[in-house]
Amino acid sequence: MFGRAKNEGWFDAVQFYAVRDLRSKRAEVYWSECVKKWRNAKPRKYPSLKRWLSDAAMCDPFTHLTPGARKARASYRLVEPKRLTEAVARYIDWEALAYWARPALEAAPPLVHSVARELARRCRGFLEFNAKARKADHVDLPQDWHRLMLWITDHFFQDAKTGGWMDAVLSSARSHPGAIRTMEYWEQCDEIWASNLPDPYPSFRSWRKQVDAYVISMPDETSQLAC
C-alpha cells in the first residue's frame, strides 16, 4: 500500500505525521484497552472493523498521558474540531509570513522596504512596537521573530486565548506538514542569506510558492532550493 513512498524514501514522513494524528492516537489507546479487557474476557463475537473503528473514534486519545501533558491536551476539548482546523490553518499562514520576514527583521537596519510595507499592511503597529522593544535585545540574540509571533497571537487569535484552546492550535501547528516544511525552508534561506540578503528580496507570495515546491529528492542530495 505504501510501496512507492518506501521506494522513494519518504515513508518515514508518512509515519511521522500519521502517529501524531488524533485518529491514530485514538486507535492506539482503544487497541490497548481492548487488549487488557479481552485478556480477562474475550468478546463472544469479534467486532467488525466498522464497529471497532466507530468505537475507537469515541475513545479519549489522551488517557495514557502524564497529568501535565493531559492538562495541555485538554484544550482540544474546548473547541469544535472544524473551528480548530480553521484556526490552525490561519496560524500556519501567519507563521509563514513571520518566517518570510524573519531574515530581514533580524538583519542590520534599515528594514527591507517590501518587508516593512507588508508588515505595516498586515500587522499595523507592530513595526513601531518592535523598534522600541529591540533596543533591549542582545546583539547576537534578536527577538524580532518571537515578538512578531506573540503579536500575531495577541491580535489575531484572541478567541483561542480567551477560550483556553490556544495550546491546541500551537500543538496542532507544530506537527503540521505545512508548518514543518515552512520552517525547514526558512532554515535553508537563513543559511544562504547569512552574509547578505537577496536583492531584490522575494515577495511573500513568491516565497510561499517556493515553500510549497521545496523537496529533497534523496537525503544525501543537495536540496532543490531557489531562494
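This text follows the structure it describes.
An account of the accompanying structure is given in this report. From a predicted model like this one, the values you see are computed outputs, not experimental measurements.

The helix and strand inventory of the chain stands at 13 helices and zero strands. The C-alpha atoms of the chain give a radius of gyration of 22 Å, which is well past the 17 Å a tight globule of 227 residues would have. Along the first, second and third principal axes, the C-alpha set of the chain runs to 75 × 45 × 30 Å. The 227 residues of the chain split such that 31% are buried. A separation threshold of at least 6 residues defines the contact pool for the chain, and within that pool the share at least 24 residues apart is 68%.

A cluster of like negative charges, contributed by Glu184, Glu187, Asp190 and Glu191, occupies part of the molecular surface. Owing to a relative accessible area of 41%, Glu187 belongs among the partly exposed residues under this scheme.

Per the stated rule, a full pass over the model turns up eleven salt bridges. Note that Arg134 and Asp144 form a salt bridge whose closest N and O atoms lie 3.2 Å from each other. With a gap of ten residues between them, Arg134 in the loop between helix 8 (126-133) and helix 9 (144-156) and Asp144 in helix 9 connect regions that are remote in the sequence. Residue classification places Arg134 among the partly exposed positions, given a relative accessible area of 28%. By relative accessible area, Asp144 is classed as buried at 0%. Two residues, Asp144 and Arg147, come together in a salt bridge whose shortest N-O distance is 3.9 Å. On the criterion of helical spacing, the pair formed by Asp144 and Arg147 is a turn pair, its members being three residues apart in helix 9. The pair formed by Asp144 and Arg147 is uniform in burial state, with each residue classed as buried. Sharing partners across several salt bridges, the network here consists of Arg134, Asp137, Asp144 and Arg147.

A separate point is the nonpolar core. Note on soluble globular proteins: their nonpolar side chains tend to be buried together. Counting residues in each nonpolar core, the largest one holds 43 residues, and the members touching the most others are Leu84, Trp100, Leu148, Trp165, Val169 and Trp207. Of all the secondary structure elements, the ones that give two or more residues to this core are helix 6 (81-105), helix 7 (113-122), helix 9, helix 11 (166-174), helix 12 (177-192) and helix 13 (204-213). In this structure, Val29, Tyr30, Cys34 and Trp52 belong to the second largest nonpolar core, which totals six residues.

The computed volume of the largest pocket comes to approximately 840 Å³. Going through the elements one at a time, helix 3 (22-40), helix 6 and helix 11 are the ones with two or more residues in the lining of the largest pocket. Examining the composition of the lining of the largest pocket, we find that six residues originate from one element, helix 6, more than from any other. Within the lining of the largest pocket, the residues separate by chemical class into 14 nonpolar, five polar and nine charged.

Mapped onto the fold, Ser114 is located in helix 7. Not counting the four nearest positions on each side in its chain, Ser114 is found in contact with Trp100 and Tyr201.

Below, the discussion takes up unusual backbone geometry. Negative phi is the rule for most residues except glycine; trans is the rule for most peptide bonds. Look at the link from Pro109 to Pro110: it is a cis peptide, with omega at 5 degrees. Looking at the secondary structure, you find Pro110 in the loop between helix 6 and helix 7. Residue Asp199 is joined to Pro200 through a cis peptide bond whose omega torsion reads 5 degrees. Within the secondary structure layout, Pro200 lies in the loop between helix 12 and helix 13.

Counting across every chain of the model gives 14 aromatic pairs. Both rings, one in Phe2 and one in Phe11, keep their centres 5.7 Å apart while their planes meet at 50 degrees; by these two values the pair is tilted. A relative accessible area of 46% places Phe2 in the partly exposed class. Members of the aromatic cluster, each reached through a chain of ring pairs, are Trp100, Trp193, Tyr201 and Phe204.

Basis of the calculations
Residues numbered from 1 in each chain as written. Predicted model: local features only at pLDDT ≥ 70, side-chain atom pairs only at ≥ 80, totals over all residues. Heavy atoms only, no water. Helix = DSSP H or I, 4+ residues; strand = E, 2+ residues; numbered from the N terminus. Rg over C-alpha atoms; globule rule 2.2 N^0.38 Å. Buried < 20%, exposed > 50% of the residue type's maximum accessible area, 1.4 Å probe, protein only. Contact = heavy atoms within 4.5 Å. Patch = residues over 30% accessible without salt bridge, like charges linked within 9 Å, V, L, I, M, F, W, Y side chains within 5 Å. Areas by Shrake-Rupley, 256 points an atom, 1.4 Å probe, with all protein chains shown as cover. Salt bridge = Lys/Arg side-chain N within 4 Å of Asp/Glu carboxyl O. Lys, Arg positive; Asp, Glu negative; His and termini not counted. Charge placed at Lys NZ, Arg CZ, Asp CG, Glu CD. Core = buried A, V, L, I, M, F, W, Y, C linked by side-chain atoms within 4.5 Å. 1 Å grid on protein atoms, 1.4 Å probe; cavity = no way out; pocket = protein on both sides within 12 Å on 5 of 7 lines; lining within 4 Å. Points joined across faces, edges and corners; volume = space filled by probe spheres on them. Nonpolar A, V, L, I, M, F, W, Y, C, P; charged D, E, K, R; others polar. Phe/Tyr/Trp six-rings, centres within 6.5 Å; stacked < 30°, edge-to-face > 60°.

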